Amino acid sequence: MKIKIIQKENKVLRQNAKEIPVEKIKSKEIKKVLKRMSKTLNESENGVALAAPQIGESLRIFIVKTFPLTSGSADHVDENKKSPMVFINPVIIKISSKKNIVDEGCLSVEGVYGTIKRAEKLTIEAYNENGEKKTRGASGLLAQIIQHEIDHLNGVLFIDKAESLEKP
Ligand code: CO
């Protein structure tokens, strides 16, 4: 059965999501949440990333499809390479002052798109699904996605900040 993505009217999207105690990252409970998130993201055609509140879990987790961000074509991706990048308790530790105006949408705001200012580059620190703390740099689309997803964890939707919105 398809898992429903929570839409913008739902209050869970407006909460400040809870941090996960490091010792609980590898727990069954969190594994289950991650599984549901991956399934939901893989089933969505347009989605590139998903935050836990979007499936009703007010936790500081988001995932990003590794494909098509890191590979060119859809044709040769085998199933086990489809596991997403996992960010748990993410913190942006560095962000560029240079911003770009970019197009954006959200699985929780169906049918609405807009333009928004996003920093061009950032550095993020987060735990992965194995409980290891990792730091990585991101620019362009990945940096934009990370900013969008961290907003979700802080109860912010892109429509709050967009410079213009349209329903095509
Ligand atoms: Co979103």
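For the structure itself, consult the block above.
Per chain, residue numbering runs from 1 following the sequence as it is written. Only residues with pLDDT of at least 70 are given local features in this predicted model, and only at 80 or more are side-chain atom pairs given and counted; all residues enter the totals for whole chains, interfaces and linings. Hydrogen atoms and water are omitted, and side-chain values are computed over all heavy atoms in the structure.

Engineer: What am I meant to see in the nonpolar core here?
Structural biologist: Most often, soluble globular proteins have nonpolar side chains that are buried together. By convention a nonpolar core is built from buried Ala, Val, Leu, Ile, Met, Phe, Trp, Tyr and Cys residues, the set being connected through side-chain atoms within 4.5 Å. Any residue under 20% of the maximum accessible area for its type is buried, any over 50% is exposed, and the rest in between are partly exposed; the area is computed with a 1.4 Å probe on protein chains only. Formed by 18 residues in total, the largest nonpolar core has its most connected members in Met37, Leu50, Ile61 and Ile88. Runs of H or I in DSSP of at least four residues are treated as helices and runs of E of at least two as strands, each being numbered from the N terminus. With five residues, helix H1 (residues 28-43) is the largest single contributor of residues to this core. With 17 residues, the next largest nonpolar core counts Phe62, Val64, Met85 and Ile124 among its residues.

Engineer: Help me understand the sheet that holds strand S5 (residues 113-119), please; the structure alone is not making it clear to me.
Structural biologist: Strands pair in a sheet through their backbones, by hydrogen bonds, and they do so in one of two ways: parallel or antiparallel. At least two DSSP bridges between two strands are needed for those strands to be called paired. In spatial order, the strands read S4-S5-S8; together these three strands make up an open sheet with antiparallel pairing. The open sheet has two edge strands with one neighbour each: strand S4 (99-105) and strand S8 (164-166). Pairwise comparison of adjacent strand axes, ignoring direction, gives a mean angle of 35° for this sheet. As judged from the seven bridges shared by S4 and S5, these two strands associate in the antiparallel manner. By the bridge assignment, glycine 105 is partnered in S5 with tyrosine 113. Residue contacts are counted whenever heavy atoms from the two residues lie within 4.5 Å of one another. Inter-axis angles, ranging from 0 to 180 degrees, are taken between N-to-C directions of lines fitted to C-alpha atoms, where helices are fitted over the stretch in contact. Where helix H2 (residues 140-153) meets the sheet, its contacts fall on S4 and S5, and the angle it forms with S5 comes to roughly 100°.

Engineer: Mind showing me how you'd approach H2 here?
Structural biologist: An α-helical turn contains 3.6 residues, so any two residues separated by three or four positions project in the same direction. Multiplying 1.5 Å by the helix residue count minus one yields the expected span of that helix. When the terminal C-alpha atoms of H2 are compared, their 21 Å separation across 14 residues agrees well with the 20 Å that a helix rising 1.5 Å per residue should span. Among the 14 residues in H2, 12 count as buried, and that is most of the element. Those residues of H2 that fall on the buried side of the exposure criterion are Leu142, Ala143, Gln144, Ile145, Ile146, Gln147, His148, Glu149, Ile150, Asp151, His152 and Leu153. Where H2 terminates, the next one or two residues include glycine 155, which has phi positive at roughly 75°.

Engineer: What should I look at first to understand the pairing of strand S2 (residues 61-64) in this one?
Structural biologist: Side-chain positions along a regular strand alternate between the two faces of the sheet. A two-sided burial pattern is seen for S2, the buried positions comprising Ile61 and Ile63 on one face and Phe62 and Val64 on the other. In terms of strand pairing, strand S1 (residues 49-51) meets S2 through three bridges, oriented antiparallel. Each residue of the ladder has a partner; that of alanine 51, found in S2, is phenylalanine 62.

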